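Letter by letter, the chains look like this.
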Amino acid sequence: MIDDEPLACELIKGYVERTSGLTLSGVYESAADAVKTVMSEEIDLVFLDINMPLLNGIEFAQVIPKRTRIVYVTAYDSYALDGFRANALDYLLKPVSYAEFLNAAGKAMEWFSMRESYEIGKERPSPGEGTLTIRADHRLVQIKTDAILYIEVRKDRLIFYRNTGETLSAVMSMRDIEELLPPSRFMRVHRSFIVNLRNVEVVERNRIVFGNIYIPISDSKREEFMRRVGASGQKGERNS
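Keep in mind the model is a prediction, meaning the values are calculated, not measured.

Along the chain, the regular secondary structure elements total seven helices and 14 strands. The burial tally for the chain puts 46% of its 240 residues in the buried class. Excluding contacts between residues fewer than 6 apart, the proportion of contacts in the chain whose partners are at least 24 apart in sequence is 48%.

Shown next, in the form of structure tokens:
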């Protein structure tokens with residue numbers, strides 16, 4: 001726990017100590033003081049304030065190892081978007097109730113369980129050609145990568161849209177899924193979207209069209225996307 005307010009530290013410390021599955025590694029009143037510990041030890045989860053001197057919570061998230069995940073605990077809702085951009089698992093507003101804390105802790109445990117499943121899966125042969133195993137809705141689900149149209153990030157979750165019209169929701173980040181998808185077939189075209197290039201049929205200006213759904217293409221990604229779509233033998237761009 002990192003917070004420059006001692007009372008806030010004591011509250012979260014008490015919550016951690018009474019919650020099964022969590023072990024308290026330390027309490028700090030300065031993010032700058034906590035950096036050395038987080039960098040040198042295998043800290044999985046940090047409950048962290050944002051508005052702190054010397055090093056604020058957003059800056060702290062940018063310098064710690066990627067494997068360490070964050071739950072922000074702050075009095076300011078105006079930082080929520082920046083928090084989720086920093087791959088936060090959750091964002092709690094003070095004063096935090098134990099029920100809210102438990103919900104955030106549950107998300108964290110689900111995420112680490114999912115990551116462990118991935119790491120085990122990487123050590124084993126693939127269960128089938130072109131398949132992906134994700135933890136969705138508290139269960140492990142195998143989906144065919146060819147069936148994925150696109151993937152959207154929503155706060156701490158990814159939504160998988162399939163060509164059957166079905167969707168799956170998983171607690172994970174864009175970085176996590178990008179490590180698992182075959183890069184020759186999938187591309188991140190926007191900070192919130194990854195598309196399956198094999199399933200792209202219509203491009204309208206700076207948008208990919210899936211039926212009545214429009215996926216934006218970032219200006220920085222447009223040239224690469226058009227080159228890769230052309231190389232894939234897709235139908236190309238429709239102007240209107």
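Time to look at the sheet that holds strand S1 (residues 45–48). Read from one edge of the open sheet, three strands run S1-S2-S3, paired in parallel fashion. Among the strands making up the open sheet, the edge pair consists of S1 and strand S3 (90–93). Averaged over all pairs of adjacent strands, the angle between strand axes in this sheet comes to 15 degrees, irrespective of strand direction. Pairing of S1 with strand S2 (residues 69–74) involves four bridges; the strand directions are parallel. Within S2, the residue paired with Val46 across the bridge is Ile70.

Counting 37 residues, the largest nonpolar core has Phe47, Phe101, Phe160 and Ile177 as the members making the most contacts within it. A total of six residues in this core trace back to one element, the largest contributor, which is helix H5 (residues 98–122). Not counting residues within four places of it along the chain, the set of residues in contact with Phe101 comprises Ile12, Tyr15, Val16, Thr19, Leu22, Phe47, Leu92 and Val96.

So, on to the environment of Ala170. For Ala170, the location among the structural elements is in strand S8 (residues 167–170). Taking the C-alpha atoms as reference, Ala170 lies 9.7 Å from Val153; in sequence the two are 17 residues apart. Beyond its immediate chain neighbours, meaning those up to four positions away, Ala170 contacts Ile134, Arg135, Asp156, Arg157, Leu158 and Phe160.

Right, let's talk about the confidence of the model for the chain for a bit. On average, residues of the chain score 84 in pLDDT, and 84% of them reach the 70 mark or higher. For the chain, the element scoring lowest by mean pLDDT is strand S14 (residues 237–238), at 48; strand S10 (residues 193–196) scores highest, at 96. Contacts of residues 120–129 to residues separated by more than four positions or lying in other chains number four contacts, the stretch itself having pLDDT below 50. pLDDT under 50 marks residues 231–240. Its contacts with residues more than four places away, or in other chains, come to 18 contacts.

This brings us to the pairing of strand S7 (residues 157–162). Within S7, five of the six residues are buried, which leaves it mostly tucked inside the rest of the structure. Relative to S7, strand S6 (residues 148–154) runs antiparallel, the two sharing six bridges. Along S7, the bridge assignment pairs Val153 with Leu158. With antiparallel pairing between neighbouring strands as the criterion, S6 and S7 make up a hairpin whose turn holds two residues, including Lys155 at a positive phi of roughly 55 degrees. Bridge count between S7 and S8: four bridges; the pairing is antiparallel. Residue pairing for S8: Phe160 is matched across the bridge by Leu168. Between S7 and S8, which pair antiparallel in sequence order, lie four residues; one of them, Gly165, sits at a positive phi of approximately 90 degrees.

Another point: the pattern of salt bridges. Enumeration according to the criterion identifies twelve salt bridges in this entry. The closest approach of N and O atoms between Arg198 and Asp146, which form a salt bridge, is 3.5 Å. Here Arg198 is found in the loop between S10 and strand S11 (202–204), whereas its partner Asp146 is found in the loop between strand S5 (139–144) and S6, with 52 residues between them in sequence. Residue Asp146 is classed as partly exposed on the basis of its relative accessible area of 41%. Residues joined by salt bridges that share partners form a network here, namely Asp3, Glu5, Asp49 and Lys94.

The rules behind each value
- Residues numbered from 1 in each chain as written.
- Predicted model: local features only at pLDDT ≥ 70, side-chain atom pairs only at ≥ 80, totals over all residues.
- Heavy atoms only, no water.
- Helix = DSSP H or I, 4+ residues; strand = E, 2+ residues; numbered from the N terminus.
- Buried < 20%, exposed > 50% of the residue type's maximum accessible area, 1.4 Å probe, protein only.
- Contact = heavy atoms within 4.5 Å.
- Pairing = 2+ DSSP bridges.
- Axes fitted to C-alpha atoms, helices over the stretch in contact; angles between N-to-C directions.
- Core = buried A, V, L, I, M, F, W, Y, C linked by side-chain atoms within 4.5 Å.
- pLDDT = per-residue confidence, 0-100.
- Salt bridge = Lys/Arg side-chain N within 4 Å of Asp/Glu carboxyl O.

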